[in-house]
Amino acid sequence: MNNKRSNPLTFIALVFMIVLTGCQSPASIGTGPHSTSVNSGDGWETASPTAESLPSDKQIVLGFSQLGSESDWRKANTLSIHAAAEEAGIDLVFANAEQSQAKQFDAIHSFIDQKVDVIAIAPVIQYGWEPILKEVKQAGIPVILFDRSVEVSDTSLFVTLIGSDFYEEGRKAGKYLLDKMRDRTEPAGIVELQGTVGSAPSVERGKGFHEVVKEREPLIMLGSEPANFTKEEGKKVMSSFLKEHGKDIHVLFSHNDDMALGAIEAIEEYGLEAGKDIIIISVDGTKQAFEKMAEGKINCIVECNPLLGPHLMQAVKELMEGRTLPKRIVPTESVFTEEMAKKEVGNRKY
Ligand code: GYE
């Protein structure tokens with residue numbers, strides 16, 4: 001288990017990066033009617049109070065169980081957590097579970113032993129969390145779910161969930177496709193690259209997309225397979241889709257950018273043109289994916305913002321002050337199409 005305390009010096013470079021890229025202080029996370037958070041698509045706009053303005057008489061220790069480092073989204077998310085903890089003066093104990101729920105359990109047990117003040121978890125899959133969350137509750141440590149949700153019967157086992165609305169992201173992807181295919185009467189074959197099996201973003205993005213797409217007759221699902229949110233597996237699974245369905249594939253819906261980037265390589269190796277022969281819709285909005293969209297190889301990206309560190313630190317501070325948090329904290333996110341790509345690519349922060 002990679003479980004280490006953050007060293008302030010290690011993050012001087014990160015702080016510099018944030019200053020240079022103009023990343024702003026955390027938005028208020030919604031403890032009152034006026035404290036909404038806003039994401040303009042290229043950074044966070046702030047509302048008061050900011051984390052710096054809150055009293056910090058007690059050193060807060062936060063245990064964070066990150067699920068892995070499988071994608072560019074995840075790497076940006078981890079950097080955001082470290083930088084925001086540093087900025088907020090919170091002592092961060094960070095553990096990377098490398099996509100293993102068992103390793104997440106180990107990390108959480110070690111946080112309990114260390115008697116941290118708050119535990120934040122980005123859960124790799126949705127299921128199997130109830131027993132360990134009960135242990136954390138018994139130890140008297142509040143839990144913040146971060147990025148992904150879990151399936152539990154007792155929602156008092158966590159204080160809040162900070163993260164995107166994946167179901168809505170799937171619907172946005174589907175809606176783009178319906179608009180794009182508005183005038184098409186010929187059948188169009190769709191393949192789907194799912195993320196990690198049993199993970200909230202994969203389950204919910206899939207659900208949202210399918211619900212919208214099934215409304216339109218000529219759209220036919222040819223295949224839907226998991227590729228674990230990684231570029232390598234995205235390429236492998238897309239190659240096998242192409243072997244099986246060849247030119248009958250007109251559309252790819254990829255649950256994240258890394259898999260879409262792998263799929264583009266597979267499509268090109270097969271001798272087809274990404275973005276032309278096969279329409280590509282992806283989720284996240286990483287800089288690399290925007291570059292491909294500016295080249296016309298991706299047609300639409302549904303944004304999912306990983307820069308959630310400031311929101312987490314704000315929530316931790318408010319929790320430690322005894323304030324009541326909303327049960328769900330959702331960033332506002334945009335949809336970008338190829339027409340906007342060239343203008344937007346320079347603004348991407350992750
Ligand atoms: O879309 C993907 C990552 O949970 C929202 O996980 C996150 C997803 C993100 O690996 O790139």
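The structure this text deals with has already been given above.
Residues numbered from 1 in each chain as written. Predicted model: local features only at pLDDT ≥ 70, side-chain atom pairs only at ≥ 80, totals over all residues. Heavy atoms only, no water.

Draft legend 1. A look at the pattern of salt bridges. Summed over all chains, the structure comprises 19 salt bridges. Between Glu-130 and Lys-134 there is a salt bridge whose closest N-O contact spans 4.0 Å. Taken as a pair, Glu-130 and Lys-134 lie in helix α4 (residues 130–138) at a separation of four residues, close to a single helical turn. Its relative accessible area of 17% is what places Glu-130 among the buried residues. In this structure, Glu-321 and Arg-323 form a salt bridge, with 3.6 Å as the shortest nitrogen-oxygen distance. Judged by its relative accessible area of 30%, Arg-323 falls in the partly exposed class. Sharing partners across several salt bridges, the network here consists of Glu-70, Arg-74, Asp-147 and Arg-148. (Salt bridge = Lys/Arg side-chain N within 4 Å of Asp/Glu carboxyl O. Helix = DSSP H or I, 4+ residues; strand = E, 2+ residues; numbered from the N terminus. Buried < 20%, exposed > 50% of the residue type's maximum accessible area, 1.4 Å probe, protein only.)

Draft legend 2. Representation of the environment of Gln-314 in the model. Along the polypeptide, Gln-314 turns up in helix α10 (residues 309–320). It is 9.6 Å that separates the C-alpha atoms of Gln-314 and Ala-85, two residues lying 229 residues apart in sequence.

Draft legend 3. Region of interest: the packing of aromatic side chains. Scanning the entire structure with this criterion turns up five aromatic pairs. Residues Phe-105 and Trp-129 carry aromatic rings whose centres are separated by 5.3 Å and whose planes lie at 90° to one another, so their mutual orientation is edge-to-face. You can see Phe-105 sitting in helix α3 (residues 101–113) and its partner Trp-129 sitting in the loop between β6 (118–121) and α4, a full 24 residues away along the chain. Three or more aromatic residues joined by ring pairs form one cluster here, namely Phe-64, Phe-94 and Phe-146. (Phe/Tyr/Trp six-rings, centres within 6.5 Å; stacked < 30°, edge-to-face > 60°.)

Draft legend 4. Layout of the site of the ligand. The ligand sits among 13 residues. The nearest are Glu-70, Arg-148, Arg-205, Asn-256 and Asp-284. Within the side chain of Arg-205, an N or O atom sits 2.9 Å from an oxygen atom of the ligand. The side chain of Asp-284 places a nitrogen or oxygen atom 2.6 Å from an oxygen atom of the ligand. Protein chains bury 100% of the 300 Å² of accessible surface belonging to the ligand in isolation. For the shell around the ligand, the elements supplying multiple residues, two or more each, are α2 (72–88) and α6 (200–213). Looking at side-chain class alone, the shell around the ligand contains five nonpolar, two polar and six charged residues. (Near = heavy atom within 4 Å. Polar contact = N/O pair within 3.5 Å; in protein donor to acceptor, adjacent residues only side chain to side chain. Areas by Shrake-Rupley, 256 points an atom, 1.4 Å probe, with all protein chains shown as cover. Nonpolar A, V, L, I, M, F, W, Y, C, P; charged D, E, K, R; others polar.)

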